Structure formats: structure tokens, C-alpha cells
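Observations on chain architecture
Residues per chain are reported as follows:
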Amino acid sequence: DAKTTQPPSMDCAEGRAANLPCNHSTISGNEYVYWYRQIHSQGPQYIIHGLKNNETNEMASLIITEDRKSSTLILPHATLRDTAVYYCIVRAQGGSEKLVFGKGTKLTVNP
Amino acid sequence: ETGVTQSPTHLIKTRGQQVTLRCSSQSGHNTVSWYQQALGQGPQFIFQYYREEENGRGNFPPRFSGLQFPNYSSELNVNALELDDSALYLCASSPGTSGNVYEQYFGPGTRLTVT
């Protein structure tokens, strides 16, 4: 079973920041938070991951709370192409650990 | 550098038949994982292959089997197809691990319809 809880859907206006929350209250000390997204009819795409520090890359920022029980993925300037299902996943680094997907959050960016 | 590719794109089979799906991993990646994604659900892990050996399996029956070849490409075989096997089948490759965090790169998937 997925170790994360996400809202089923969210809306965002084009050009505004999209903030997608994720709860992972049972996260272990060695588990990272990963975010993937899946645009309709495509395979999931890796976005970002982090352990405890905030992370930023060219796609998004990841804010992890100090107690690591929740995180927020931020798309700073959402575009219509960011409409997708966003998955928050926790897993340990390395090994053969599978990715356990929940149902994710369907983000709709509106013009 | 080519990404993960899968074939065929779409496939229609009849209940009871057998199917083989194929995946070419990204260059330099020696680990391949297969996922099944039913409509409206997140992907579910089937199994993983690392250097031609099965390296973890999800809650799928033995009629789901796989292979990985020396070039790290992979096949997913499903025998005795059932209607519930209708799904998008995703392949993901990764560079394996040496204790470091890594990411799985997914292919576009094969849409299997069982009638």
C-alpha cells in the first residue's frame, strides 16, 4: 500500500504557482520523498526528490517539513502542459525497492 | 542518448491467449521494472530485473513472467490472459544502484486490451 496521502484533484490558473501537498506521516529516517507526474497516455516522469532539505531543480521545488511528515511540490509558474496526475512516493534509497504509487493528485491548469 | 522504448504501442488479445511485451532500456541502465496500470489507478509493481535476474516481485500470479537479456532489454509475458489484465503496461529502467539514490525512467507503455 502507498505510504502517502494526496488530494484527488486540484485546479490552478495558468501562470500561477501550483502547490501540491502530500502527507507521509509514517516516513522512515532513510526514506526519500519522490515526485513523479503522468501526463495523459504517457509513462510517469520523474520530477524531483529529497530527504530532508528543500530541493529545487528546473522543473519544480520540493519543500519538506522539519518533522518530514509532509511535503509540498511547487510548480512556480504553471502552464497548460503541467496538467497531469502527480504522484508523491516515499522509498528508501538504492536497492531493488519498487515504486509504490497511490492514486495521486490530478492537477488541472486552467487558462 | 535514447530513452526507454516499448513495443507494441497497442495490442488486442482474446481471453486465454498469451502475450509478450517488449522494453528497451535507456542506454547505460541495467535495471528494468515492469508496472501494470489499470484505468484510473496508479501503476502497480509487477517485478524487477537486475543484470538478467529477477530482483523483486509484486503481488502478481506466476502467469506473469519476464526476461532480461544481456543488452538489458526486457520482455514481459502474460499467459492465460484474463479480462482484468486489460491495462497500460509500463516499463521503467534505472542505472541500478551502488547505494545511491536513483530514479526510474519510464517508457510510454503498451496498452493491452483483453476481450
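Before reading further, recall that the structure is shown in the block above.
For clarity, every value in this text was computed on a predicted model and none was experimentally measured. (Residues numbered from 1 in each chain as written. Chains lettered and ligands numbered in written order. Predicted model: local features only at pLDDT ≥ 70, side-chain atom pairs only at ≥ 80, totals over all residues. Heavy atoms only, no water.)

**Structural notes on the sheet that holds strand β1 (residues 5-7) of chain B**
Residues and elements named next belong to chain B. An order of β1-β3-β8-β7 is seen for the 4 strands of this open sheet, with the pairing classed as antiparallel. The sheet is open, and its two borders are formed by β1 and β7 (64-68), each paired with just one other strand. The mean angle between the axes of side-by-side strands here comes to 20°, regardless of whether they run parallel or antiparallel. The pairing of strand β3 (residues 19-24) with strand β8 (residues 74-78) spans 5 bridges and is classified as antiparallel. (Pairing = 2+ DSSP bridges. Helix = DSSP H or I, 4+ residues; strand = E, 2+ residues; numbered from the N terminus. Axes fitted to C-alpha atoms, helices over the stretch in contact; angles between N-to-C directions.)

**Focus: the state of the cysteines**
All chains considered together, the criterion is met by 2 disulfides over all chains. The disulfide that involves Cys 22 of chain A links it to Cys 88 of chain A, with 2.1 Å between the sulfurs. Between Cys 22 of chain A and Cys 88 of chain A the sulfur-sulfur dihedral comes to about -80°; the bridge is accordingly left-handed. Taken together, the positions of Cys 22 of chain A in strand β2 (residues 18-23) and Cys 88 of chain A in strand β8 (residues 84-92) put the pair 66 residues apart, joining distant regions of the chain. Per residue, the accessibility class of Cys 22 of chain A equals that of Cys 88 of chain A, and both read buried. The disulfide bridge from Cys 23 of chain B ends at Cys 91 of chain B, spanning 1.7 Å between sulfur atoms. Sign of the S-S torsion, about -55° for the bond between Cys 23 of chain B and Cys 91 of chain B, identifies this disulfide as left-handed. Here Cys 23 of chain B is found in strand β3, whereas its partner Cys 91 of chain B is found in strand β9 (residues 87-94), with 68 residues between them in sequence. The same class applies to Cys 23 of chain B as to Cys 91 of chain B, namely buried. (Disulfide = S-S within 2.5 Å. Buried < 20%, exposed > 50% of the residue type's maximum accessible area, 1.4 Å probe, protein only.)

**Some thoughts on the pattern of salt bridges**
All names here are of chain B. Scanning the entire structure with this criterion turns up 6 salt bridges over all chains. With a shortest N-O distance of 3.4 Å, Arg 57 and Glu 54 are connected by a salt bridge. A salt bridge links Arg 63 to Asp 85, with the nearest nitrogen and oxygen atoms 2.8 Å apart. Here Asp 85 lies in the loop between β8 and β9 and Arg 63 lies in the loop between β6 (53-57) and β7, a separation of 22 residues in the sequence. In this pair, the class of Arg 63 matches that of Asp 85, namely buried. (Salt bridge = Lys/Arg side-chain N within 4 Å of Asp/Glu carboxyl O.)

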